[in-house]
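What follows is each chain in one-letter form.
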Amino acid sequence: MKHELIIVLDFGGQYNQLIARRVRDLNVYCEVKSYKTPIAELKAMNPSGFIFTGGPNSVYLDTSPTISKEIFEMGIPILGICYGSQLMAHVLGGKVESAEKSEYGMTSADFDTSSLLFKDIPEKSITWMSHTDRISALPEGFKAISHTDSCPIAAMENPEKGLYAVQFHPEVSHTEYGSNILRNFLYNVCRVSGDWSMKNYINTAINDVRAKVGDGKVLLALSGGVDSSVLAALLSKAIGNKLTCIFVDHGLMRKNEGDEVEEAFKSRELNFIRVNAGKRFLAKLAGVTEPETKRKIIGEEFIRVFEEEARKLGKVDFLAQGTIYPDVIESGTGDAAVIKSHHNVGGLPDHVDFKDLIEPLRLLFKDEVRRLGTELNLPDFLVWRQPFPGPGLAIRIIGDITEEKVSILQDADYIFREEIAKAGLDRSINQYFAVLTSMRSVGVMGDFRTYDYTLALRGVTTSDFMTADFARIPYDVLSRISARIVNEVSHINRIVYDITTKPPSTIEWE
Ligand code: XMP
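These numbers were taken from a predicted model, which means no experiment stands behind them. (Residues numbered from 1 in each chain as written. Predicted model: local features only at pLDDT ≥ 70, side-chain atom pairs only at ≥ 80, totals over all residues. Heavy atoms only, no water.)

**A look at the side chain of Ser229**
Mapped onto the elements of the fold, Ser229 is located in helix H6 (residues 226-239). Given the relative accessible area of 1%, Ser229 is considered buried. In terms of polar contacts, Ser229 uses its side chain to reach the backbone carbonyl oxygen of Gly225, at 2.7 Å. (Helix = DSSP H or I, 4+ residues; strand = E, 2+ residues; numbered from the N terminus. Buried < 20%, exposed > 50% of the residue type's maximum accessible area, 1.4 Å probe, protein only. Polar contact = N/O pair within 3.5 Å; in protein donor to acceptor, adjacent residues only side chain to side chain.)

In structure tokens:
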């Protein structure tokens, strides 16, 4: 792919992905590379600029990540952020010291708006800081272009060499003009034209896939999740019937979901195979109560079913994988081949013979994958699908799983989701679902005593699913949901709402 390129050089900061996303949001393609990448390799990628990320260390420790002076002499613009800014100062002969007081959080800063970096922003605004060390003496040829009350050099520049550094984090939304500052770096300093767009990406990806596949056959395990669905749509457009998708329906999806996935792909040009394996999964799960055992059984069975179907197709040439960029970055350097497990539950099939992998989403972030899905006319319910665990409802039924419990949970969960959507909360609550507990309690319906299940509702807001808060669903919405579920679904006579955060709880109950 021939795009303008910005390289984010990762020194171990927590925002490396965020920086890359911000740059792409500004229509410039961007990759994250480790600071250990050889300079010659970086040069060969022909970047328009570098951004050095923050990092957890002090530049003076022996173990701290560093970089050769050579990179500053390549004539390619560099923006250092936080640790990256201190490193620039340190390597080029300036001084970095530990400040008496750490600066953390929102901090008002003054800007020299005659600098290209701060062009067209106000002279004073809020930045987001997170540091103890700070630059105390400028390297030769540099001048300070921003300061705060406790940080005299909050930014510096050497415009002749295209070198810029900021102590604060322009990539986080708390920095008021962060996006303008990044834009200035890209368009005024690196002088890019901004040639990264989803439409462009589709065309390039399609050409690349066609060139690689030729007359070969491609196999894809379609789960109905966002990544595999978008991948199927993209490959269908690129290679049509050379693509075969196997959709293993384990019977533990949400209500109607299997049919909806089939419906979404039936009209596209591709071979779509749906395997209704619900009975088979239930048989394997009979009497199993331990969550990790459930996961393991489902993962293994999924692979077996997939392999059996794949074997019927004879030899395939390529296996398509919905690996996306965060998977690649999380592997460390962005170079190692990460193979995302199918469906997030199993691993790669052992007994499918193929010569190579195809991973056209490998360079995209999740929000870009969704944009791509929309460009490819996938329905919203697939593009905006909330995360759904590979083992499905099996881990939302506490204790042993029976066909009846699956059906009770599907019906209750459906009503919950329907009412959340009606209340207009479906995009603001990041994940929400019902859990069928194994607890039964006494209730009264009409004139009869009941002894039925307690259903738990869970709704969370989160940006990364590592931590989460419970969603503040209004009482009247909860009330409608509760009334409908107990009236419309048999065997549920009590409903509770989960009001714990993660940690200490997890999002799922199992
Ligand atoms: P927890 O429950 O660990 O969940 O707070 C965090 C996120 O991961 C999802 N999750 C899973 N996804 N296979 C998956 O593919 C699993 O076994 C699994 N367990 C949890 C969960 O839905 C949430 O989004």
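Further notes follow.
**Quick word on the confidence of the model for the protein chain**
Chain-level statistics for the protein chain give a pLDDT mean of 92 and a share of 95% at 70 or above. Note on residues 333-346: pLDDT is under 50 here. Beyond four places in sequence and across chains, it has 44 contacts. (pLDDT = per-residue confidence, 0-100. Contact = heavy atoms within 4.5 Å.)

**Observations concerning the pairing of strand E7 (residues 143-147)**
As paired elements, strand E5 (residues 95-111) and E7 share two bridges and run antiparallel to each other. Its bridge partner lying in E7, Asp110 is registered against His147. Direction of pairing for E7 relative to strand E8 (residues 155-158): antiparallel, over a ladder of three bridges. When the bridges of E8 are listed, Ala144 appears paired with Met156. (Pairing = 2+ DSSP bridges.)

**Quick look at the sheet that holds strand E9 (residues 163-166)**
An order of E2-E1-E3-E4-E9-E8-E7-E5-E6 is seen for the nine strands of this open sheet, with the pairing classed as mixed. In the strand order of this sheet, the two ends are held by strand E2 (29-34) and strand E6 (124-137), each with one partner. Going across the sheet, the axis of each strand differs from the next one's by a mean of 20°, ignoring polarity. Across four bridges, strand E1 (residues 5-10) lies against strand E3 (residues 49-52) in parallel orientation. The residue bridging Leu9 from the neighbouring strand is Phe52, located in E3. Strand contacts of helix H3 (residues 83-91): E3, strand E4 (78-81), E5, E6, E8 and E9, with the helix running at about 115° to E4, the strand carrying the most contacts. (Axes fitted to C-alpha atoms, helices over the stretch in contact; angles between N-to-C directions.)

**Looking at the packing of aromatic side chains**
For the structure shown, the criterion picks out 15 aromatic pairs. When the ring of Phe111 is compared with that of Phe168, the centres are 5.8 Å apart and the planes differ by 85°; the resulting orientation is edge-to-face. A residue pair is termed long-range when its members are at least 10 positions apart, and Phe111 in strand E5 and Phe168 in the loop between E9 and helix H4 (178-189) qualify at 57 residues. For the pair Phe111 and Phe168, a shared accessibility class is recorded, and that class is buried. Taken together, the aromatic side chains of Phe11, Tyr35, Phe52, Phe72 and Tyr83 make up a single cluster linked through ring pairs. Directly above the ring of Tyr453 sits Arg440, whose terminal nitrogen or CZ lies 5.6 Å from the centroid. Against the face of Phe470 rests Arg472, its NZ or CZ located 3.9 Å from the ring centre. (Phe/Tyr/Trp six-rings, centres within 6.5 Å; stacked < 30°, edge-to-face > 60°. Lys NZ or Arg CZ within 6 Å of the ring centre and 35° of its normal.)

**Considerations on the site of the ligand**
Near the ligand there are 13 residues, and of these Arg295, Gln431, Lys502, Ile507 and Glu508 occur at the shortest range. Interatomic distance of 2.7 Å between a side-chain N/O atom of Lys502 and an oxygen atom of the ligand. At 2.5 Å from an oxygen atom of the ligand is found a side-chain nitrogen or oxygen belonging to Glu508. Starting from 490 Å² of accessible surface for the ligand in isolation, the protein chains cover 77%. Of the residues contributing to the shell around the ligand, the split by class is six nonpolar, four polar and three charged. (Near = heavy atom within 4 Å. Areas by Shrake-Rupley, 256 points an atom, 1.4 Å probe, with all protein chains shown as cover. Nonpolar A, V, L, I, M, F, W, Y, C, P; charged D, E, K, R; others polar.)

**Considering the side chain of Asp452**
Residue position: Asp452 is located in strand E16 (residues 448-461). Within the buried core, Asp452 has no salt-bridge partner, and the shortest N-O distance to an opposite charge, that of Arg440, equals 4.9 Å. Within the local environment of Asp452, its side chain forms a polar contact with the side chain of His491, the two groups lying 3.3 Å apart. When neighbours within four sequence positions are excluded, Asp452 is seen to be in contact with Met439, Arg440, Ser441, His491, Ile492 and Asn493. (Lys, Arg positive; Asp, Glu negative; His and termini not counted. Salt bridge = Lys/Arg side-chain N within 4 Å of Asp/Glu carboxyl O.)

**What to know about the sheet that holds strand E10 (residues 218-221)**
Hydrogen bonds between backbone groups are what pair the strands of a sheet, and the pairing can be parallel or antiparallel. Taken together, the five strands give an open sheet; going across it, the order is E12-E11-E10-E13-E14, and neighbouring strands pair in parallel fashion. Of all strands in the sheet, those with a lone pairing partner are strand E12 (271-276) and strand E14 (356-358), marking the two edges. When the angles between neighbouring strand axes are averaged without regard to direction, this sheet yields 25°. In this structure, strand E11 (residues 243-249) lies alongside E12, joined through six bridges in parallel fashion. When the bridges of E12 are listed, Thr244 appears paired with Asn271. Sheet strands touched by helix H5 (residues 198-213): E10, strand E13 (318-320) and E14. Its angle to E14, the strand with the most contacts, is close to 160°.

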